[in-house]
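The primary structure of each chain is shown beneath.
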Amino acid sequence: MSSLSTAPTADSLSSTDPLMLVDVDHVRFYVGNAKQAAFFYASAFGFQVEQVSDLTTGSRTSAQYLLTQGNIRFILETALTSDHPVAEECRKYGDGVKDVALTVLDAERAWEQARRNGGESAYEPRTISDANGSVTMAGIKTYGRAIHSFVSRTGAYALPNIKQGATFAPGFRPMGTFSLNAWNKANPCGLKFVDHCVGNVELGKMNHWVKWYEDVMGFKMFKHFDEKDISTEYSALMSKVMASGNHLIKMPINEPAAGKKKSQIQEYLEWHGMAAGVQHLALRTDDELHSVAELRRRGVDFLALPDAYYESVWNRVDTMLRQHGHEVVKEDHQRVKDLGILVDADDEGYLLQLFTKPLQDRPTLFFEIICRRGSQSFGKGNFKALFEALEIEQERRGNL
Ligand code: FE2
């Protein structure tokens with residue numbers, strides 16, 4: 001298998017900057033029923049359900065499942081008691097992403113630095129250890145209900161070991177026999193790593209959080225889009241893309257913009273307890289056609305675009321690619337259309353992308369499946385067609 005991530009090695013990181021990120025350690029979801037959610041993400045998206053921490057391992061307040069695919073690690077956590085914070089959050093927000101956790105060399109130092117930079121603590125540093133090693137985590141609050149944990153690992157729990165299937169943290173045990181795991185190994189979906197993670201924030205708050213990522217996390221603005229780029233007759237949004245110093249993780253931030261009807265961002269907020277939060281995770285593949293075909297075979301529900309999209313897309317994209325001296329789109333055009341995949345190009349190359357419908361009953365979190373062929377952008381050329389498709393879905397939900 002090719003390299004799973006562009007993550008730098010620890011050696012290449014400056015030890016003077018505690019916020020220098022090593023990798024996306026994991027993404028933590030709070031869910032109403034982790035056992036069932038694990039089946040959904042395994043069956044629909046091909047994740048391995050690797051490890052569990054629950055009553056059988058002595059965890060009496062919450063259950064956690066580790067799901068992996070490529071260099072993607074999800075922790076699905078559910079409450080075992082009614083007064084557990086996960087229970088409270090699920091009541092307010094439904095299932096969704098709580099924590100985009102980042103591996104660093106020293107979690108406590110990173111947390112202290114983030115707080116000195118103006119960040120607010122979500123929880124204080126805590127270390128769990130045993131004879132094999134230790135995991136230290138500390139959290140800071142970002143927009144709405146979301147947090148970033150800093151995670152540092154030693155001994156058997158070091159990240160390279162975790163990537164090879166070692167125990168995720170003290171208190172986890174292997175799942176044992178889980179028949180979908182073998183099936184998923186034989187029928188891979190090809191998802192490799194988290195390409196970007198998009199947050200929706202309240203009207204007027206985008207620039208606040210842009211500055212927060214600059215000041216607290218040391219991120220830089222990567223791209224920005226305004227209403228002219230991404231509005232339809234009815235709904236609009238504004239977006240700025242923040243990237244970590246080493247571009248390991250990109251965190252675009254959306255806010256609603258005024259339109260004739262309700263912005264998709266406003267719809268999200270209204271079904272998410274009026275709190276900001278993670279709108280979508282983009283999962284990277286090297287082969288968009290294979291991944292989307294496999295995900296469709298498994299029953300993943302993707303956003304549908306009108307056929308008219310494909311009447312103009314090849315001309316738009318190939319013209320852009322030729323202008324900048326790049327090869328035109330090499331994927332079979334008919335298969336791209338048959339699979340309903342979107343294509344966009346910029347001065348650096350092109351990308352293929354497709355968006356799922358919401359992953360739970362509330363119109364909140366969804367996934368994007370993205371493949372980059374040079375382009376480091378986010379599919380700006382697709383925004384209009386995409387938002388028109390989204391508006392049809394909003395209309396069906398009675399939320400436009
Ligand atoms: Fe995206």
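Owing to the predicted nature of the structure, the values given are computational and were not obtained by experimental measurement. (Residues numbered from 1 in each chain as written. Predicted model: local features only at pLDDT ≥ 70, side-chain atom pairs only at ≥ 80, totals over all residues. Heavy atoms only, no water.)

Participant: So what's going on with the nonpolar core? Which residues, and what values?
Facilitator: Phe29, Tyr41, Tyr65, Phe74, Leu76, Phe150 and Leu281 are the most contacted members of the largest nonpolar core, which has 102 residues in total. The element best represented in this core is helix 1 (residues 34-45), accounting for seven residues. If we skip the residues at most four places from it in the chain, tyrosine 41 touches Phe29, Gly46, Phe47, Leu67, Leu76, Leu359 and Phe367. Core analysis: the next-biggest nonpolar cluster, separate from the first, contains 14 residues, Tyr157, Leu159, Ile162 and Phe172 among them. (Core = buried A, V, L, I, M, F, W, Y, C linked by side-chain atoms within 4.5 Å. Buried < 20%, exposed > 50% of the residue type's maximum accessible area, 1.4 Å probe, protein only. Helix = DSSP H or I, 4+ residues; strand = E, 2+ residues; numbered from the N terminus. Contact = heavy atoms within 4.5 Å.)

Participant: Break down the coordination of the iron ion for me, with residues and values.
Facilitator: On the protein side, the iron ion has His196 (NE2), His280 (NE2) and Glu368 (OE) as donor atoms, found 2.0 to 2.2 Å from it. In primary sequence terms, the donor set of the iron ion follows H-x83-H-x87-E. A residue pair is termed long-range when its members are at least 10 positions apart, and histidine 196 in strand 10 (residues 191-200) and histidine 280 in strand 14 (residues 277-285) qualify at 84 residues. Pair check on accessibility: histidine 196 and histidine 280 agree, each one buried. (Donors = N, O, S within 2.8 Å, 3.2 Å for Na, K, Ca; no water.)

Participant: Mind laying out the packing of aromatic side chains, listing which residues take part and the relevant values?
Facilitator: Tallied over the entire structure, the rule returns 20 aromatic pairs. The interplanar angle of 70° and the centroid separation of 6.1 Å between the aromatic rings of phenylalanine 40 and phenylalanine 45 together place this pair among those described as edge-to-face. By relative accessible area, which is 35% here, phenylalanine 40 ends up partly exposed. Of the residues examined, phenylalanine 45 reaches a relative accessible area of 0% and is grouped as buried. An aromatic cluster is built from Phe29, Phe40, Tyr41, Phe45, Phe47, Phe74 and Phe367, whose rings are joined through pairwise contacts. Taking the ring centre of phenylalanine 168 as reference, the NZ or CZ of arginine 153 above it sits at 4.6 Å. We note lysine 250 situated over the ring of phenylalanine 222; from NZ or CZ to the ring centre the distance is 5.1 Å. (Phe/Tyr/Trp six-rings, centres within 6.5 Å; stacked < 30°, edge-to-face > 60°. Lys NZ or Arg CZ within 6 Å of the ring centre and 35° of its normal.)

Participant: Provide a residue-level description of the sheet that holds strand 5 (residues 96-103), including the pertinent values.
Facilitator: The strands that make up a sheet are held in pairs by hydrogen bonds between backbone atoms, and each pair lies either parallel or antiparallel. Strand order in the open sheet formed by nine strands is 6-7-8-5-1-4-3-2-9, and the pairing between neighbours is mixed. Each end of this open sheet is capped by a strand with a single partner; those strands are strand 6 (120-130) and strand 9 (173-174). Taken together, the two bridges between strand 2 (residues 48-53) and strand 9 define a ladder with antiparallel strand orientation. In the sheet register, glutamine 51 faces strand 9, and the bridge partner there is proline 174. On top of the sheet, helix 1 reaches strand 1 (23-30), strand 2, strand 3 (62-69) and strand 4 (72-79); it is set at about 10° to strand 3, its chief contact. (Pairing = 2+ DSSP bridges. Axes fitted to C-alpha atoms, helices over the stretch in contact; angles between N-to-C directions.)

Participant: Which residues make up the side chain of threonine 78, and what are the values?
Facilitator: Along the chain, the position of threonine 78 falls in strand 4. A polar contact is formed between the side chain of threonine 78 and the backbone oxygen of valine 31, at a distance of 2.8 Å. Aside from chain neighbours lying at most four places away, what touches threonine 78 is Val31, Gly32, Asn33, Ala34, Thr61, Ser62, Ala63 and Val86. (Polar contact = N/O pair within 3.5 Å; in protein donor to acceptor, adjacent residues only side chain to side chain.)

Participant: Hey, could you go over the confidence of the model for the chain for me, with residue numbers and the actual values?
Facilitator: Residue-level pLDDT values for the chain average 91, and 93% of them are 70 or greater. This stretch, residues 1-10, has a pLDDT under 50; its non-local contacts, to residues over four places away or in other chains, come to 19 contacts. (pLDDT = per-residue confidence, 0-100.)

Participant: Explain the environment of lysine 220 to me, using residue names and the numbers behind them.
Facilitator: Within the element layout of this structure, lysine 220 appears in strand 11 (residues 220-225). We classify lysine 220 as exposed; its relative accessible area is 57%. In this structure the C-alpha to C-alpha distance between lysine 220 and lysine 92, which are 128 residues apart in sequence, comes to 32 Å. Residues within four places of lysine 220 in sequence aside, it is in contact with Val241, Met242 and Ala243.

Participant: How would you summarise the pairing of strand 10 if you had to cite specific residues and measurements?
Facilitator: For strand 10, the tally of buried residues reaches 10 of 10 residues, placing the bulk of the element in the interior. Pairing between strand 10 and strand 14: eight bridges, direction antiparallel. Along strand 14, the bridge assignment pairs phenylalanine 193 with arginine 284. Relative to strand 13 (residues 250-257), strand 10 runs parallel, the two being bridged by three bridges. Counted as the bridge partner of glycine 199 is isoleucine 253 from strand 13.

Participant: Can you lay out the pairing of strand 2 for me, pointing to particular residues and giving the numbers?
Facilitator: Among the six residues that make up strand 2, five are buried, leaving the element largely enclosed by the rest of the structure. Bridge count for strand 2 against strand 3 is five bridges, and the pairing is antiparallel. Bridging from a neighbouring strand, glutamine 48 pairs with threonine 68 of strand 3.

Participant: Outline the domain arrangement of the chain, supporting the account with residue identities and numerical values.
Facilitator: The figure often quoted for interface size is the accessible area lost as the parts come together. In terms of domain boundaries, the chain breaks down into domain 1 (10-186) and domain 2 (191-397). Facing 46 residues of domain 1, the contacting portion of domain 2 comprises 41 residues. Between domain 1 and domain 2 the total buried area reaches about 3300 Å² when both faces are included, carbon and sulfur atoms providing 69% of it. The tally of links from domain 1 across to domain 2 stands at zero salt bridges. Listed by contribution, the elements that provide at least two residues to the side of domain 1 that touches domain 2 are strand 1, helix 1, strand 4, helix 2 (85-93), strand 5, strand 7 (133-141), strand 8 (147-155) and helix 5 (179-186). Considering every element that reaches the side of domain 1 that touches domain 2, the biggest residue donor is helix 1, with six residues. Grouping the amino acids of the side of domain 1 that touches domain 2 by side-chain chemistry returns 26 nonpolar, 14 polar and six charged. (Domains from an automatic or database assignment. Buried area = accessible area lost by both parts, 1.4 Å probe. Salt bridge = Lys/Arg side-chain N within 4 Å of Asp/Glu carboxyl O. Nonpolar A, V, L, I, M, F, W, Y, C, P; charged D, E, K, R; others polar.)

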